[in-house]
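Geometric and topological summary
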Amino acid sequence: MTSVDFSHKTVEMIDVVKKFGDFTANDRISLTVHRGEVHALLGENGAGKTTLMNCLYGLYRPTEGVIRVNGEDVVISDPNVAIGHGIGMVHQHFKLVEPFTVAENIVLGREPTKTLGRLDMAEAERQVAEISERYGLSVDPQALIQDISVGSQQRVEILKALYRGAEILILDEPTAVLTPSEIKELITIIDNLTSEGKSIIIITHKLHEIKLVADYCTIIRRGTFIDRVEVAKVSEQELAAKMVGRDVSFSVSKSEVVQGDRALTVDNLVVRDNRGIAAVNGLDLQLYHSEILGIAGVDGNGQSQLVEALMGLRQVESGRILLKDHDITHATPRQIIGDHHICSIPEDRQKRGLVLEFDVAENLILETYMRPPFSRRGVLDNGEIYRFADHCAETFDIRPRNTGLQAKSLSGGNQQKVIIAREVSNNPDILVASQPTRGLDVGAIEYVHKALIEQRDNGKAVLLISFELDEIINVADRIAVIFEGRIIGILDGDEADENRIGLLMAGGSA
Amino acid sequence: METFVNDIAFIIGTTLMYSTPLIFAAVGGVITERSGIINIGLEGMMYFGAFVGAAVAYFSGDPWLGFFCAGLAGASLGLLHAIATVSFSAEQIVSGIAMNFLGVGFALFISRLVFDGATQTLTVPKKIPLPLDFLFGEGKLFASSGFMDLVFNRFATVYLAFILVFVAWFVLYKTSLGMRLRAVGEHPEAADSLGISVFKIRYGAVITSGFLAGLGGAAMSIAVVSRFSNTLISGHGFIALAAMIFGKWKPQGALLACLIFGGAKGLEIYMGAKGVPIPSGLLATLPYVLTIVILVGWVGRSQPPASIGKIFDKGEN
Amino acid sequence: MSSIGASLKDKFLNGALSITLMSVLFGFLRGGIILLLAGFNPLEAYGVILKGIFSRPKYVSYVIIYSTPLIITGLSVAFALRTGLFNIGAEGQYIMGALAAAAAGYYLKLPMVLHVFTAVGLAVIVAAFWGGLAGWFKARFGVNEVISTIMLNWTALYISNWAITIPSFGRQGTGKTYAIQPTAQIDILGQWKRTPEGIAFLREHPMLWDVLKSPVNLGFVFAILLAGLVWYVLNRTTLGYELRAVGHNPQAAEAGGISVKRSMVISMLFAGGLAGAAGAFQVLGVSHRIATLAIMEGYGFDGIAVSLIGNNSGPGCVFAGLLFGSLKYGGSKIQDVMGAPTEVINIMIGIIIFFVAMPKLIRMILAYRKRRERN
């Protein structure tokens, strides 16, 4: 943090406005970054952080405002121009071509060629090896993207920018998918880069990371500029209050409940992923009534396949799933939902959770449409369906109240409410919630947490899968850590601390 | 023995002849779908190309000019398809269906105007030449109707089709242009964020596919036969589409698939000629049933390019 | 229920209907331009077409006869499309249905009404099997239905052509089968209009006579009933709910407990059955026999156009089918009257679909006009 050169402003964004139709995503936001500085851009989901950075990277064109790079006014009409000005961006969802190699991804768009436009892959691999060594980013240039870890993929993304001579690097939520140890590595990389005089902008909503790496922080809320602060001089609480606009309590209030009977047993489960690899590999788990069992772990350690197997959406290779003493390993989704009363909040609400083209009411009966009162002898009863939907909209505060609207016209938070309304109304014995707060703002997150705790208070068994360690620690009664398809440690909620879990998540022993 | 060898040669020869139009169109299909745009309009583009090729060859007397114009005709429909799918986020299959109506419509509309209300052209004065005869003189290199003659002494379009497959393979896998095209088809956002113009690549790919489908049509109308008629192109574009999928979206795979299909056709004609005791009507289903059997038993869930059929919309910049 | 009203209103004002109408308008405009370029007066051509549709009762009844199979194959395509399946195979299913109906109509000896129902029933079953095959290939083996249905189309065509060569079924040398029994025919007053009393009566009533000069039959009535059935099944039954859910988002449907594979097969069975019914009505009501086909007749492919123009809905297919039927019948007259190629109709249909494919463009045009009106 000593490398900041205040005499040299690398990026200045002044009063930038970005409108999409009638919607103003950025309303006169300003941002200044110096040479060698790590600058955090802080805001909630949907505050407009990524939009602002897409303007800087040329993916969007600002409606109004001035952008200066190294003191000169520039118009960044497309990413090529941004790259020309030494700006590189690592997107939150990596933009990597899966069937291509590491080297191919890095040189794409600026390929070394021989005569006739022939690719010179040997040269490409040599150059990639050179820069990866220089900045301490180890990758295998010949490996396919689909075969390497998420952490390596991120290094490929950073190398892509460096290969193009980036002096200013934008990292969009860079730690969301990393293990604690990978985060430490990333911080080392960032230190290396700033000591070489590069400027880094980190988009994030994680406060302690800002405290760890950033020199300065710009805070935006609902598309407007709130403040610019020197990180060393503010507390996490102050940052949070500026981000949300009110004081935020970090802990979730929940009462003590005595753990109930065993609801679900998973015994030595093996499940293969689409590529035939055993993503769940000998997993054991017990879930009890009146508890929230949190599954902590980094993305890609078998969580998705575990949930799909539980819900009957993916074939189980071996092992058993027992509901009390009843074997449901090979039950169909319909049996699992209807007969065994296990419901789920899917990790990707738009992909698995909702039929976006259906209206809210139709989505609310997705699991119950074939039963009275919603249908009789195969004929739907719209009166009952919409009455039920209106009731759900009231009870679960789905906005707007019009249940005839298509699900895709709802905000993310309200889409999630539709799913929760559906699953909770179905009165399950077991509720499986995967990433239930992903992409939601603080208000909606609180709502989801409350709903989960309410289920547990009513004696249900709740399985919460999340990549957000804070969420698991705050909400779960017990915490199981998943690593490479196995549960490698179970902790009580109160004895759990971040360091121990973090170590387990990276495959260590606590 | 000699008849057996000649029979084999006959089947191979027919196979090559029937495969050629399909190869052109199927390689076109590979190129557009590799860039992420489905082109179910290949049929209409072949149809229009077949007509324009024969009409131009008839009036100019130059089969090569006809061949080239056939490509342009297909490319013009490709341009329309590109406008719809790339610029205006159209449903790719729906737009392709429109191309099939337009291809047939334009071909027959113009045909009626130019050829006195008929839905077929007159016989072209010169077909696409046989290059070996052209180079060495007729019957000079190989004995007439011998094995070598039946197999290798083929229309120039046959050779061109094989060259095309090689060129397409080379461009797709060995050049930076091909790498960019494949990247656009797999992950357009990634390509876009690296400054590759998804727009240009896709326009180029779709228009090229139209051009090649047009050539395929002409390979039918002025090489296999010597005139266009309204029944000439009947399902070839769709079969090329099947060949492309069967060939797993690779030029060399599509070539193989087209040869298998052409082979089934060759076998059908051969068995028909030899009076094999299967009703010839049912024999005619062979290529189609074989394609289904191969798809069911062999190919199944092959992986198309990841972004295929999806709308890439940069939003308002 | 007010919410349904709101969404309906939204659909009409901003949605599908205005896009379709604009597309049809563009189709006519561009078709006119093309006629103009070719040296014909487009107004005169459209006049001829309009006259050719409406000026005589016989013409109107011909339009209805032309439209009937298009409406039903349109329904077939629409039904599958609602489940996210592209039924290019309506053509082959139609052929199989026609073949089955011709065979049942000719070989079976049954009393009047029963014969019709048996023939249609058999046609529907055979064609449903033909369509269901493609659904099964997709569900079981992951074979793209576009490819498999195309192959099944050609297979059907050659099977039909082969069947016509069977001596007891096809009349040697004519390339046609024997006519079906009168008991299987669904012509309206088909027998009576040829009796002396019938002829005498019709001389007194020229309007009716004109209508009966065309092969008027009950097919259209069945087409309307089928359109209603399709609408009802899709929108009011749990089966339709399942199929639509699978069509929009198979992954969410699966997570909700709906069997995606089963839905695919059912949808294609249904679609095949519909196309088969189209073939059956054509044989029982119009042609009374089947003939050797050199190429596809195009009922299935035209059905795709009908479905797309009709926004894949039951009622939409009726209107789009009538539009297409009118253009096909009326359009054929500009050839005789003006010497203008009737294929301008294909071009117009193509242009309409082209614009239907691009709702984004039409919305931009509508928004642009709105903005200009405001200024």
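Since this is a predicted model, take the numbers as computed values, not measurements. (Residues numbered from 1 in each chain as written. Chains lettered and ligands numbered in written order. Predicted model: local features only at pLDDT ≥ 70, side-chain atom pairs only at ≥ 80, totals over all residues. Heavy atoms only, no water.)

1. Digging into the overall build of chain C
- Helix and strand content of chain C: 17 helices and two strands.
- Over its C-alpha atoms chain C spans a radius of gyration of 22 Å, differing by no more than 12% from the 21 Å that the globule rule assigns to 375 residues.
- Overall, chain C is about 70 × 55 × 40 Å in size when its C-alpha atoms are taken along their principal axes.
- Burial statistics for chain C: of 375 residues in total, 58% are counted as buried.
- Nonlocal contacts in chain C, meaning residues at least 24 apart in sequence, comprise 76% of its contacts between residues at least 6 apart.
- For chain C, the accessible surface area stands at approximately 15400 Å², while carbon and sulfur atoms represent 67% of it.
- Averaging the locations of the 30 positively and 15 negatively charged side chains of chain C gives two centres separated by 5 Å. (Helix = DSSP H or I, 4+ residues; strand = E, 2+ residues; numbered from the N terminus. Rg over C-alpha atoms; globule rule 2.2 N^0.38 Å. Buried < 20%, exposed > 50% of the residue type's maximum accessible area, 1.4 Å probe, protein only. Contact = heavy atoms within 4.5 Å. Areas by Shrake-Rupley, 256 points an atom, 1.4 Å probe, with all protein chains shown as cover. Lys, Arg positive; Asp, Glu negative; His and termini not counted. Charge placed at Lys NZ, Arg CZ, Asp CG, Glu CD.)

2. Quick look at the domain arrangement of chain A
Residue and element names in this part refer to chain A.
- What the domain assignment reports for chain A is domain 1 (5-244), domain 2 (260-341 + 429-510) and domain 3 (352-427).
- On a C-alpha basis, the centres of domain 1 and domain 2 stand 33 Å from each other.
- Regarding the contact of domain 1 and domain 2, the summed buried area is about 960 Å², with carbon and sulfur atoms giving 58% of it.
- Where domain 1 touches domain 2, the interface holds zero salt bridges.
- Residue classes in the side of domain 1 that touches domain 2 are distributed as four nonpolar, six polar and three charged. (Domains from an automatic or database assignment. Buried area = accessible area lost by both parts, 1.4 Å probe. Salt bridge = Lys/Arg side-chain N within 4 Å of Asp/Glu carboxyl O. Nonpolar A, V, L, I, M, F, W, Y, C, P; charged D, E, K, R; others polar.)

3. Regarding the interface of chain C and chain B
- Each partner contributes to the interface: chain C provides 50 residues, whereas chain B provides 47 residues.
- Counting each side, the surface lost to burial between chain C and chain B is near 4100 Å², with a carbon and sulfur contribution of 82%.
- The partner of C:E343 in a salt bridge is B:R112, with the nearest N and O atoms 2.6 Å apart.
- Of all the secondary structure elements, the ones that give two or more residues to the side of chain C that touches chain B are α2 (16-37), α6 (112-141), α7 (145-164), α14 (299-309), α15 (314-338), α16 (344-356) and α17 (359-374) of chain C.
- Top element by residues in the side of chain C that touches chain B is α7(C). It accounts for eleven residues.
- For the side of chain C that touches chain B, a count of residues per class yields 36 nonpolar, eight polar and six charged.

4. Details of the interface of chain A and chain C
- Counting residues at the interface gives 27 residues for chain A, matched by 22 residues for chain C.
- In total, chain A and chain C occlude about 2300 Å² of area from one another, counting both sides; carbon and sulfur atoms represent 57% of this.
- Of all residues in chain A, A:R352, A:Y369 and A:L380 give up the largest surface area on contact with chain C, accounting jointly for 24% of the area buried on that side.
- Where chain A packs against chain C, one counts two salt bridges.
- Linking chain A to chain C there are 13 residue pairs in polar contact (both at pLDDT 80 or more). (Polar contact = N/O pair within 3.5 Å; in protein donor to acceptor, adjacent residues only side chain to side chain.)

5. Topic: the environment of A:Q335
- Relative to the helices and strands, A:Q335 is located in helix α10 (residues 333-339).
- Classification of A:Q335 as partly exposed rests on a relative accessible area of 33%.

6. Some words on the pairing of strand β6 (residues 87-90) of chain A
Residues and elements named next belong to chain A.
- Alternating positions in β6 separate into two faces, I87 and M89 on one and G88 and V90 on the other, with burial throughout.
- As judged from the four bridges shared by β6 and strand β7 (residues 168-172), these two strands associate in the parallel manner. If you follow V90 over to β7, its bridge partner there is L171. (Pairing = 2+ DSSP bridges.)

7. Focus on the confidence of the model for chain A
- When pLDDT is averaged along chain A, the result is 89, and 98% of the positions lie at 70 or above.
- Predicted confidence in chain A is weakest over helix α17 (residues 498-505) of chain A, with a mean pLDDT of 81, and strongest over helix α12 (residues 360-364) of chain A, with 95. (pLDDT = per-residue confidence, 0-100.)

8. Overview of the confidence of the model for chain C
- The pLDDT averaged across chain C works out to 89; a share of 96% of its residues lies at or above 70.
- Every residue in residues 1-7 of chain C is under pLDDT 50, and counting partners more than four places away or in other chains gives seven contacts.

9. Some words on the sheet that holds strand β13 (residues 291-296) of chain A
Residues and elements named next belong to chain A.
- Taken together, six strands build an open sheet; the order of strands is β16-β19-β20-β13-β21-β22 and the sheet is mixed. Each having just a single partner strand, β16 (342-345) and β22 (486-492) make up the two edges of the open sheet. Neighbouring strand axes in the sheet, compared pairwise and without regard to direction, differ in orientation by 20° on average.
- Of the pairings in the sheet, the one linking β13 to strand β20 (residues 461-466) comprises six bridges and is parallel in character. Residue L293 lies in a different strand from β20, and its bridge partner there is L463.
- Along the sheet, α17 makes contact with β13, β21 (478-483) and β22, crossing β21 at roughly 30°. (Axes fitted to C-alpha atoms, helices over the stretch in contact; angles between N-to-C directions.)

10. Some details on the packing of helix α10 (residues 219-236) of chain C against helix α11 (residues 238-248) of chain C
Residue and element names in this part refer to chain C.
- Following both chains from N to C, one finds α10 and α11 inclined at 75°, their axes separated by 5 Å at the closest point. Here α10 is positioned roughly perpendicular relative to α11, judged by the angle of their axes. In this structure, α10 contributes V233, L234, N235 and R236 to the contact, and α11 contributes T238, L239, G240, Y241 and R244.
- Each residue belonging to the contact of α10 with α11 can be placed in one class, and the counts come to four nonpolar, three polar and two charged. (Parallel < 35°, antiparallel > 145°, perpendicular 65-115°, else oblique.)

11. Comments concerning helix α9 (residues 303-310) of chain A
All names here are of chain A.
- Of all eight residues in α9, eight are buried, a share of seventy percent or more.
- Among the residues of α9, Q303, S304, Q305, L306, V307, E308, A309 and L310 are the ones counted as buried.
- Once α9 finishes, G312 follows within two positions and takes phi at roughly 80°, a positive value.

12. Here we look at the pattern of salt bridges
- On inspection of all chains with the given rule, the structure shows 37 salt bridges over all chains.
- Across the pair A:E291 and A:R478 runs a salt bridge, and its minimum N-O distance is 2.9 Å. Here the residue A:E291 occupies a position in strand β13, and A:R478 occupies one in strand β21, the gap between them amounting to 187 residues. In this structure, A:E291 and A:R478 share a single accessibility class: buried.
- Residue A:E362 is joined to C:R244 by a salt bridge in which the shortest nitrogen-to-oxygen separation is 3.0 Å. Taken together, the residues span two chains, with A:E362 in helix α12 and C:R244 in helix α11. Like A:E362, the residue C:R244 is buried in the burial classification.

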